[in-house]
Amino acid sequence: MSVAPIGHRIGRWLVSGPPLLYLVVFFAAPTLIMVLASFRTPGEFGGLAPLIDESGKLDLNVEAYTRFLTEPIYFEIFLKSVWYALVTTLICLLLAYPLAVLIAKSPKKYRDLLLLLVILPFWSNFLIRIYAWMIILGPNAALARAVNSVLGWWGAEPVPLLFSSFAVLVCLVYVHLPFMVLPLYANLEKHDQALLDAAQDLGANAWHRFWRITFPLSLPGVYAGAALVFIPALGIFAIPDILGGPNDSLIGNLIKQQFLETRDWPFGSVLSIVLTLAALALAGFAAWVGRRNGGFGGPERA
Amino acid sequence: MALLEIQGVTRRFGDFTAVDNVGLAIEAGEFFTLLGPSGCGKTTLLRMIAGFDPADGGRILLNGEDLAGKPPEARPVRTVFQSYALFPHMTVEGNVAFPLRMAKTPEREIAPKIAAALEDVRLVGFGKRMPQELSGGQKQRVAIARALVTHPTVLLLDEPLAALDAKLREEMQIELIDLQKEVGITFIYVTHDQTEALALSRRIAVMNQGRVEQMDAPSNIYNFPRTRFVADFIGHCNLLSGPVIANVRGVVTLDVKGLGPVDVATGSKIARGSSGSIALRPEKIRIEAPSSTPPNHHYRGTVAELLYMGDVTVYKVATQNGTRVEALRANSESGRAQFFDVGDVVEMSWPVDAGHFIAE
């Protein structure tokens, strides 16, 4: 191993030190605290019971883990959260792909404007945008009345749009769509037109050009977008809280409930750890698939 | 009837006419080259044959059938792109198999065809490699194998050797000639490199500003350029211009500034009083030490610059009034490797049929 000159090493630490410190203080340390908390006993009035109990013994146990593993309701909620996040990711992918292609193929002078439109929603507050959906999906809004009058013609019972799984999914897709569009666009924009010309010259029609050239070359962007959508969608609690019905509680809501309402910190910690591990496992899986299929180092540059 | 007929084809981009009323007839099995400087319209013409650019006027006929309205994927024409355009996510085999799969070739026939194509371009054993593991020359061979594997009627090559270094380029030129003879497919080759064009082609069309200036065999293009542009673009050429002062029995005399009267043999009828140029190749000029009394049609000058190239030495000789004439002397001639120095007075002469007369 080569040893960098001391000036270089100091420079490297000066550059990477502050973000590293930030991550240690606000990510690594809290994670450790959470892992420790998951083995402790909930306090009588919330929080945690003392680490050393009255008899002077160290109070560490796996009760919270046992509870998660023995009461199936929690695992069901966890699975339901994975399902919602998966469906959200898939719908985002289906909606974002054509949009990203459209932006990448539009004349250069319009691309920045179109990208700006994609990220425009970020300019207003996340919660306000969710509340806006309450109005859009509300029982007296045009959308619900239109849907229900159509259902009425078919003789079906009217359905509420708000406070339903439908409302949760619509809003999950809405919130996460830009996170899928951006990495896809960044990938597609670099594609070399010569490859598509070559494919066409070699006899490929429009479908084959997409399916055999564009799509496989865009997989790194697909994986990046999928991870950026799936992971936050898995832990979200605000959307089911505001727009969901009684059965739309997801793992994020459960965790929030443990910390703020039930005040069972050890169990909340266990649920958080499960969520973190699931996200890590999926991100690792995506990276592995990406390396295996995309081992060509991204699209060839012109 | 020619295999590929290009009849009065024009292509405009806004106000710019990239290809201007071009007519060509290319025979089956021919190695045909479109030669010209960048922006002369040669690549646009190639893209029109491939189907990527529509013609604004004229027709392109392949085997008598009008190609208009046929998309590139439906034409029996393949292109080798300048950037190779290999699919980076496929192996060499995957790349070569691509056109076969698109043509719905039965799967069991694909492997032998890939093997044969890779053998043609001398890449046996490279099938499992990824494109980024190949050198420039190897990528080029894969691109050619991929384009030839379905035996197209015409193969278009767009400056395929431009990205290779000089030595490799020469090797690939010889391989291309051999390959073309072997497969017997019509090659249409686009290049701005005149040596490459001369070495490879059976016929060359020299293009300038969207038009074909001359179409002929390489030796005719080189020895009998029809326009000043062709003479200047192909190789090195002295262009001696001036008014025609005499025309006697097929020998035209021009009054060239700095040299005086210069004779040139020509078959064409040239009126006295018109003007023209003599295209005179440097290697056709005899350069020697001055004699005491210069005979007729010997011209004196001083060596202003010399370029020692190894096999030959190029002398730039300044005559009166600063006119420069480029002359070349092979170093294979007996004696010293270098014959004259800068500042030496020399005498130049050439046979009357060494130059080629170009009317204005």
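Residues numbered from 1 in each chain as written. Chains lettered and ligands numbered in written order. Predicted model: local features only at pLDDT ≥ 70, side-chain atom pairs only at ≥ 80, totals over all residues. Heavy atoms only, no water.

1. Quick word on the interface of chain B and chain A
Which entries qualify depends on this criterion: Contact definition: two residues touch when any of their heavy atoms are within 4.5 Å. Buried area, as used here, totals the accessible surface that two parts lose on assembly, with accessibility defined by a 1.4 Å probe and the loss added over both. Each salt bridge in this description consists of a side-chain nitrogen of Lys or Arg and a carboxyl oxygen of Asp or Glu lying within 4 Å of one another.
Each partner contributes residues to the interface: chain B has 23 residues there, and chain A has 20 residues. Taking both sides of the interface into account, the surface hidden between chain B and chain A amounts to around 2,000 Å²; carbon and sulfur atoms contribute 64%. Among the residues chain B hides against chain A, the three largest losses belong to Glu73(B), His89(B) and Met102(B). Together they make up 30% of the total. Linking chain B to chain A there are two salt bridges. Residue Asp197(A) pairs with Arg47(B) through a salt bridge whose shortest N-O separation is 3.6 Å.

2. What to know about the pairing of strand β14 (residues 275-280) of chain B
Residue and element names in this part refer to chain B. Let me state the cut-off plainly: Throughout this description, buried means an accessible area under 20% of the type-specific maximum (1.4 Å probe, protein chains only), exposed means over 50%, and partly exposed covers the range between. The secondary structure listing takes helices from DSSP runs of H or I that are at least 4 residues long and strands from runs of E that are at least 2 residues long, numbered from the N terminus. Two strands qualify as a pair provided DSSP detects at least 2 bridges between them.
Counted residue by residue, β14 has five buried out of six residues, so it is predominantly covered. Bridging between strand β11 (residues 238-248) and β14 involves six bridges; their strand directions are antiparallel. By the bridge assignment for β14, Leu-239 is matched with Ala-279. Of the strand pairs in this sheet, β14 and strand β20 (residues 356-359) are connected by four bridges, and their pairing is antiparallel.

3. Thoughts on the confidence of the model for chain A
Residue and element names in this part refer to chain A. We apply this condition: The predictor attaches a confidence to each residue, and that confidence, scored 0 to 100, is pLDDT.
Across chain A, the average pLDDT comes to 88, with 95% of residues at 70 or higher. Least confident of the elements in chain A is helix α12 (residues 265-293), whose mean pLDDT is 85; most confident is helix α8 (residues 193-201), at 95. For residues 295-302, every residue scores under 50 in pLDDT, and the model assigns this stretch 18 contacts once sequence neighbours within four places are set aside.

4. Re the packing of helix α7 (residues 165-188) of chain A against helix α9 (residues 206-235) of chain A
Residues and elements named next belong to chain A. What counts is decided by this rule: Working convention: axes come from line fits to C-alpha atoms, limited for helices to the stretch in contact. Angles between N-to-C directions cover 0 to 180 degrees. Throughout, the term roughly parallel applies to angles under 35 degrees, roughly antiparallel to angles over 145, roughly perpendicular to angles from 65 to 115, and oblique to all others. For a crossing to be left-handed, the near helix must be turned anticlockwise from the far one by less than a right angle; the clockwise case is right-handed. All residues other than Ala, Val, Leu, Ile, Met, Phe, Trp, Tyr, Cys, Pro, Asp, Glu, Lys and Arg, Gly among them, are scored as polar; the first ten of these are nonpolar and the last four charged.
Following both chains from N to C, one finds α7 and α9 inclined at 150°, their axes separated by 8 Å at the closest point. One way to sum up the angle between α7 and α9 is to call them roughly antiparallel. The handedness of the crossing between α7 and α9 comes out as right-handed. In terms of residue class, the contact of α7 with α9 is made up of 15 nonpolar, six polar and no charged.

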